[in-house]
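Here is how the chains run, residue by residue.
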Amino acid sequence: MSWRPSRRLSLAACTALLGTSCLQGPGASPVDPFKPADQALGERIFRDPRFSQWFSTHSTNVNAFPTSGDPTVDDAENALGPAMPGSLAGAAMACSLCHLVEQNAAADGTNMRAYADYAQRSPIPDRGDGQSHTPRNSPPMVDSLVPHQGPTFLHLDGQFVSAADLIVSSFTGRNLGWLPTESTQAVAHIASIIRADDGTQFIGPDPGLAGTSYAADFLGQDFRILARLRIPPEDRLDVHSATDAEVLQAVAKVVAAYISGLRYSRDTTGAYDFSPFDVFLKLNGLPRKPDEGEAPLDYARRLRTAVETLASPEWVTPDMGSYLHHAAPFAFGPTELQGLEIFLAEGGPPGATPTASAGAAGTGNCLVCHTPPDFTDHLFHSTGASQLEYDDVHGPGAFFALSVPDLTTRNANALAYLPASVANPTARGTFRSPPAAEDATLADLGLWNVFANPDIPNPQSALNSVLCTPTTADCSAATLLSKTLTLFKTPGLRDLDDSAPYLHNGTATDLKAVLAQYEKVSDLQRAGALRNGDPRLGSIHLGPQDLAPLEAFLHSLAEDYQ
């Protein structure tokens with residue numbers, strides 16, 4: 001797929017910086033502003049609120065909305081400021097409410113979003129089960145399916161290993177209002193919408209989709225369907241003769257194609273190319289991606305060496321271009337370079353005195369988990385966020401005293417300890433909950449809820465492969481479970497400006513708060529006061545002088561995604 005650059009650069013600047021004309025995307029062919037057919041259809045479904053439980057019980061006509069919608073969606077909760085109008089006010093829940101892109105750009109003032117909302121935890125329909133918000137912050141979706149070494153894990157706790165599994169669970173699950181006891185009803189409702197749609201409702205951003213029904217789009221034979229919107233033969237389905245389950249799988253396939261197409265810009269070699277950081281690497285002839293067969297961490301260390309020996313850097317300056325959707329100048333200068341050096345500076349073993357990689361720079365030790373060029377290792381770590389949130393509610397040291405059951409006790413008492421599922425619909429989700437002042441048993445233990453959970457079989461093999469390493473002495477499930485306490489998937493760092501609030505619990509509203517938290521947890525780790533903390537946290541050494549450059553570097557990873 002080709003991409004339309006939305007950063008405003010002169011023709012000369014585009015040619016000098018990117019090796020291509022601004023009249024083209026990173027590919028060699030002219031820009032195509034439209035998505036491939038399966039992605040376009042997937043996007044329409046992604047944005048359609050009629051698949052929600054609320055619509056199933058409040059509408060008598062598949063192709064018309066009631067005069068008033070689900071009040072859950074009237075306003076967009078905003079941890080960064082005042083509430084904003086809901087992008088689907090008057091309608092109902094859809095995937096696009098938690099994963100925004102352009103919907104609130106005018107209210108926001110400057111930015112698009114990287115398929116994340118503004119809430120600390122996203123509102124969901126209240127079905128009388130005590131849940132009115134998701135237990136975690138909605139992660140951004142851009143690059144969530146980027147190819148990488150090792151297994152793919154989706155959701156912050158690794159619950160899914162394929163996009164299709166995630167989509168089926170999301171469309172039939174609690175976020176769209178369905179209770180675990182209603183999964184069969186949900187599947188039937190989704191199939192009914194696909195079969196009865198007449199092509200007039202919630203068309204999405206591609207005008208070519210107007211006037212043809214979901215049934216016609218999936219069959220791919222209606223003469224009114226534009227050639228570019230005919231989905232590939234292997235994705236086609238006669239939804240009227242297919243089973244409900246087959247219809248749902250077809251839905252999952254095109255939505256997965258849509259999500260897979262949400263990528264940050266790359267050139268024809270596969271190197272990222274549209275953030276100030278990426279342009280700085282290109283401008284200075286620095287390595288921009290791993291060589292064939294090279295591990296990302298080895299690439300990051302090679303990049304560090306190249307940066308250390310860079311004698312006369314060429315800077316990215318605002319006169320070369322500007323953002324369309326960010327207020328900041330498009331630049332990478334000495335401050336950002338100092339932040340990059342701090343980011344790449346690697347500490348020694350826990351307890352050792354680290355040596356900064358460049359001059360007086362501090363030691364961020366960031367690269368070991370947020371490994372360039374994706375700026376994530378796609379794995380799981382415990383960074384203390386759950387402990388700090390719990391202790392903020394219950395007092396210092398309270399999380400250390402929290403009683404957590406072992407594997408045998410947990411699995412024998414699923415209703416008390418594990419999240420709700422189709423097999424255990426009334427399970428309490430004790431350890432997949434935000435802490436609450438009125439109930440000290442509630443906490444979020446992350447991967448602990450998924451690993452060795454018999455109700456979640458699909459990711460277990462992949463989880464074992466990353467938890468049981470060659471240096472792990474005991475790979476029994478009981479031992480490994482204790483090591484999963486408060487582990488969460490490492491998020492990517494690209495375009496952070498468009499995905500606040502941060503961390504799995506949404507407790508940091510800006511990057512200053514994130515860096516302050518890492519200062520705190522690194523001290524706790526060195527003092528032995530962080531429960532199951534990642535040992536590498538102890539090798540982070542940041543002084544007051546390091547924070548502004550590191551923040552500036554992180555901002556330089558922004559790009560005009562749309």
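First, a word on scope: everything that follows refers to the structure included in this document. The structure displayed is predicted, hence computed values, not measured ones. (Residues numbered from 1 in each chain as written. Predicted model: local features only at pLDDT ≥ 70, side-chain atom pairs only at ≥ 80, totals over all residues. Heavy atoms only, no water.)

**Points about the packing of aromatic side chains**
What counts, and what does not: Centres within 6.5 Å are what make two rings of Phe, Tyr or Trp a pair, Trp counting through its six-membered ring; a difference in plane orientation under 30 degrees is then read as stacked, over 60 as edge-to-face, and the rest as tilted. Exposure classes here rest on a 1.4 Å probe applied to the protein chains alone. A residue is buried below 20% of its type maximum, exposed above 50%, and partly exposed in between. Starting at the N terminus, helices and strands are each numbered in turn, a helix being any DSSP run of H or I of at least four residues and a strand any DSSP run of E of at least two. Think of it as a cone above the ring: NZ of Lys or CZ of Arg counts as a charge over the ring if it is within 6 Å of the ring centre and within 35 degrees of the ring normal.
The full count for this structure, using the stated rule, is 21 aromatic pairs. A ring pair is formed by Tyr323 and Phe330, whose centres lie 5.1 Å apart and whose planes are at 70 degrees; its orientation type is edge-to-face. Each member of the pair, Tyr323 together with Phe330, is buried. Measuring from ring centre to ring centre gives 5.6 Å for Phe343 and Phe375, while their planes differ by 65 degrees; the resulting arrangement is edge-to-face. Of the two residues, Phe343 sits in helix α12 (residues 334-344) while Phe375 sits in the loop between α12 and β5 (380-381), which places them 32 residues apart along the sequence. When its relative accessible area of 1% is taken as the criterion, Phe343 is described as buried. Over the ring of Tyr214 we find Arg44; its NZ or CZ atom is 3.9 Å from the centre of that ring. Here the basic side chain of Arg494 rests over the ring of Tyr272, its NZ or CZ set 3.6 Å away from the ring centre.

**Remarks on the nonpolar core**
Rule in force here: As used here, the term nonpolar core means buried Ala, Val, Leu, Ile, Met, Phe, Trp, Tyr and Cys residues forming a set that is joined through side-chain atoms within 4.5 Å. Every residue pair with non-hydrogen atoms within 4.5 Å of one another is taken to be in contact.
One finds Ile45, Phe171 and Phe218 to be the most contacted residues of the largest nonpolar core, which totals 59 residues. Elements represented by at least two residues in this core include exactly α2 (37-47), α3 (53-58), α4 (95-98), α6 (163-171), α7 (183-196), α8 (214-219) and α9 (244-260). Aside from chain neighbours lying at most four places away, what touches Phe218 is Leu41, Ile45, Ile194, Ile231, Asp235, Arg236, Leu237, Val239, Ala250, Val251 and Val254. One finds Val279, Val307, Phe330 and Ala500 within the second-largest nonpolar core, a separate group that totals 44 residues.

**A look at the packing of helix α19 (residues 511-526) against helix α20 (residues 544-555)**
The line we're drawing: Axes here refer to lines fitted to C-alpha atoms; in helices the fit is confined to the stretch in contact. Angles between the N-to-C directions go from 0 to 180 degrees. Angle categories are assigned with fixed cut-offs, so that under 35 degrees is roughly parallel, over 145 is roughly antiparallel, 65 to 115 is roughly perpendicular, and the rest are oblique. It is the rotation of the near helix from the far one that decides the hand of a crossing: anticlockwise by less than a right angle makes it left-handed, clockwise makes it right-handed. Put simply, Ala, Val, Leu, Ile, Met, Phe, Trp, Tyr, Cys and Pro go in the nonpolar bin, Asp, Glu, Lys and Arg in the charged bin, and everything else, Gly too, in the polar bin.
Interhelical geometry of α19 versus α20 gives an angle of 125 degrees and a closest axis separation of 10 Å. By the angle class used here, α19 and α20 are oblique. Considering the relative orientation of α19 and α20, their crossing is right-handed. Residues Leu511, Lys512, Leu515 and Glu519 of α19 touch α20, and the partners they reach there are Leu547, Leu550, Glu551, Leu554 and His555. For the contact of α19 with α20, the residue count by class is five nonpolar, one polar and three charged.

Geometric descriptors of this kind do not, in isolation, establish any biological role.
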